Amino acid sequence: MDKNVCRIKVIFEHLDKEFSVKEFSDRLLLQKLIYFSQFAGIDLGYRYSWYRFGPYSTDLTEAGYRYSDSKSSYDRESSKFKLSAVGRDNLKKVRSLIEDNPTDLETADWLELAASIHYLKHIAHLPGGVSQDNIVEQLLSRGKEYFTKEDIDSSWGILERKGLIERPNW
Amino acid sequence: MAYSFHYKTINDPVHGAIGLSEVEARLIATPTFLRLMGLRQLGLTYMVFPGATHTRFAHSIGSMHVISRMIDAINNRCQTDALDFQIDDPTKQKLRLAALLHDVGHYPLSHTTESVFYQVANDKKASDQFEETDPVQPSHQTALNEMVSVGKIEEVSHEELSKKIVSKRKDIKDILETAEYDPDEIGKIITSEEGSNKLHSQLIHSTLDADRIDFLLRDSHFCGVSYGRVDINFIISNLRYDKISSMFAVDDKAIPAFEHYLLGRYFMYNNVYYHKTGQGFDLMASTLYYQMACEKQAVGDFNEVVNKMEEDAWFLRFDDSYFWRSLHDWNPEHEYHKDLREHLLERIPLRVLCEERKLVPHGESANNHFVLNQDDQFDSRKFNKLLEGYGLGQDSVAIKSERTKLEVSPGRTDYQESVSDEDKRELGRVYEDFEFKDLIAVEHGIIRKLTDFTPHIRRLYAFDRKLTKIERQKFKRPRINRQMFEKDFRKVFNLSD
């Protein structure tokens, strides 16, 4: 039994989201929700590298499939886990990030954009620096032309208001 | 400052004469480095391949030699091509030091107990963020299948411990600082930290790095198998540097040799590292070590190792003998562990009751391809009944699954150029048709075809604790016949022969 899978299930339940890996959008949501939950303080130990749809962790995908393969066992086991007060407090930040979506994008897509900006700003060590202009350019050149410049700018604004542009953690 | 890499010479059965610089000779003589003489390179593999008693000590020196040869080859090729790039001697020395010290943080029995450190770290993870209403008590863990594969946890990996040792253990740190090397910088090269030089990371951590080249040759040599005897000399002499990506690549004429090298690794995994009996001993040892860690009879917590790292009396004995000493000194609470411990001490292997091997298409869940799994579709009632018929309880069996590695994931179906630097390192770079590319982008390459599938092995191991010592000596053959069990297994699950 992988306890982390139980913890992920608890995080999803708390955020009123369905934990699944069936559709692409489910897997995208899994990657980005856990990405921000970790930066909010719930470090489950998943480490991310840049991939086509932004920061991605192979181990996390495997954990997702582990859940899907043994869903009923994990559903049963995860009922033995609950968030502590500190954990609940930390997830409030993630919930507010989901709710403050400034774009017309679906939650998973909005989180993809937000996580991509955050990753390029704080983790990627971009050669051209971490100015807003360079990051917008990098996003567009890394195949994210499906996001508009307006989407990127408004997302940048939200992340800035939440303090995530200044520092990586809440 | 002139650099000499021939201050002393060591003879090695794999590479021949290996030259050492003065700082390297001094490092090798430190108690911290000598500890590697007590760590077998392949853990318990020697129980199956008796020649596999080679140590991390020899492998570390070999890796240093290989990285040096790779650097010389890249430099020579740059000179021939009149390319304005050279790895200078001070950098070469740093990289040799990183290769020499990359394994100083290995745990007892190498990767066998490392998995326990991952497990313990996984148990502890985010413990202040969650509350467990009904935690499993360590003393109730009696089953062989208690250990789950949680994957590598970087923060407690042996590379991370190596980095800590290089920057904190006085003997190593002092020698590096006296010779004007920054221990932290060497540590960062070892762990390939984000932001470090791409070429350096590739030489230390990639599909074709000094570590993997050395262990493929060395393990093959000492296990007495031929799978790893690939043409490394030709591969190394055909390395070239790509200024745009800042990475090295294998020249087109050595691509077949590069593919042979990857296939050699694959066969080593299949036939040596994942050998059925060896994996059984590994499962026994990790189960016992995890239980000892839970009962505080052995250290399973990374932070505890780091805290005790500077105590010579403890740390210098934290090698394979630590595992055996702890096992001998331990008085297990449960009969189950007593039996399992006795089996391991007497080299009585677990029995493989059945085995499945599958090629799983990339991106698909392996569980859909196996009968042997623990998912919801698996009819455990039928399975338990079958076990009962053979006098086995659920705590006596474990399913162990392995994914054999070609290590050029993520596979062709997901493949696109310009993935992350880490992926690029794992994919392997080549120079073909006047351009640098990933190995799996080579149209005519055999590896390109093979990456559509991941080979998996699943085995059902049984620990037949009902046999008494006298019975074990009396029965030359195991009580449970694999052929019979597999036949029954196929019948119960309606599988064709």
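Above this text sits the structure in question.
The following refers to the structure shown.

What counts as what
- Residues numbered from 1 in each chain as written.
- Chains lettered and ligands numbered in written order.
- Predicted model: local features only at pLDDT ≥ 70, side-chain atom pairs only at ≥ 80, totals over all residues.
- Heavy atoms only, no water.
- Helix = DSSP H or I, 4+ residues; strand = E, 2+ residues; numbered from the N terminus.
- Buried < 20%, exposed > 50% of the residue type's maximum accessible area, 1.4 Å probe, protein only.
- Contact = heavy atoms within 4.5 Å.
- Areas by Shrake-Rupley, 256 points an atom, 1.4 Å probe, with all protein chains shown as cover.
- Core = buried A, V, L, I, M, F, W, Y, C linked by side-chain atoms within 4.5 Å.
- Domains from an automatic or database assignment.
- Polar contact = N/O pair within 3.5 Å; in protein donor to acceptor, adjacent residues only side chain to side chain.
- 1 Å grid on protein atoms, 1.4 Å probe; cavity = no way out; pocket = protein on both sides within 12 Å on 5 of 7 lines; lining within 4 Å.
- Points joined across faces, edges and corners; volume = space filled by probe spheres on them.
- Nonpolar A, V, L, I, M, F, W, Y, C, P; charged D, E, K, R; others polar.
- Arc of directions from axis to C-beta.

Regarding its fold elements, chain B presents 22 helices and ten strands. Within the span of chain B, comprising 497 residues, buried residues form 58% of the whole. In chain B, of all internal contacts separated by at least 6 residues, the share reaching a separation of at least 24 is 76%. Counting every atom, chain B has about 21,600 Å² of accessible surface; 48% of that belongs to carbon and sulfur.

Within the largest apolar cluster, 120 residues are counted, with the highest numbers of intra-cluster contacts made by B:L101, B:Y261 and B:L344. At ten residues, helix α3 (residues 56-80) of chain B tops the list of elements feeding residues into this core. Split by domain, this core shows at least three residues from each of two domains, domain 1 (8-126 + 137-297) and domain 2 (350-406 + 451-497) of chain B. In this structure, B:L101 is in contact with B:L27, B:F33, B:S162, B:V166, B:I172, B:L176, B:I186 and B:I190, ignoring residues within four places of it in sequence. A:I8, A:V21, A:L30 and A:F39 belong to the second largest nonpolar core, which has 57 residues in total.

Let's shift gears to the side chain of B:H54. Residue and element names in this part refer to chain B. Residue placement: H54 occurs in the loop between α2 (31-34) and α3. Taking relative accessible area as the criterion, H54 reaches 5% and is therefore assigned buried. A polar side-chain atom of H54 sits 2.7 Å from a polar atom in the side chain of D219. Contacts of H54, omitting those with residues within four sequence positions, involve L39, R40, Q41, L42, R218, D219 and F222.

Before going further, it helps to spend a moment on empty space enclosed by the protein. Residues and elements named next belong to chain B. For the structure on display, the rule yields three cavities of 30 Å³ or more. As a volume, the largest cavity reaches approximately 50 Å³. Every element with two or more residues in the lining of the largest cavity is listed here: α9 (198-204) and α10 (210-223). Grouping the amino acids of the lining of the largest cavity by side-chain chemistry returns four nonpolar, three polar and one charged.

As a further point, take helix α7 (residues 170-178) of chain B. All names here are of chain B. Every buried residue of α7 is listed here: D171, I172, I175 and L176. Along α7, the residues classed as buried sweep out an arc of 125 degrees about the axis, all on the same side. The exposed residues of α7 that point more than 90 degrees off its buried face are K170 and T178. Check the buried side of α7 and you find it contacts α1 (22-28), α2, α4 (89-101), α6 (158-168) and α8 (183-191). Directly beyond the C-terminal end of α7, a positive phi value near 65 degrees is found at E180.

The subject of this paragraph is the side chain of B:S157. Residues and elements named next belong to chain B. For S157, the position within the fold is in the loop between β3 (130-132) and α6. Assessed through its relative accessible area of 1%, S157 is described here as buried. Within the structure, the side chain of S157 is placed 3.2 Å from the side chain of E159, a separation counted as a polar contact.

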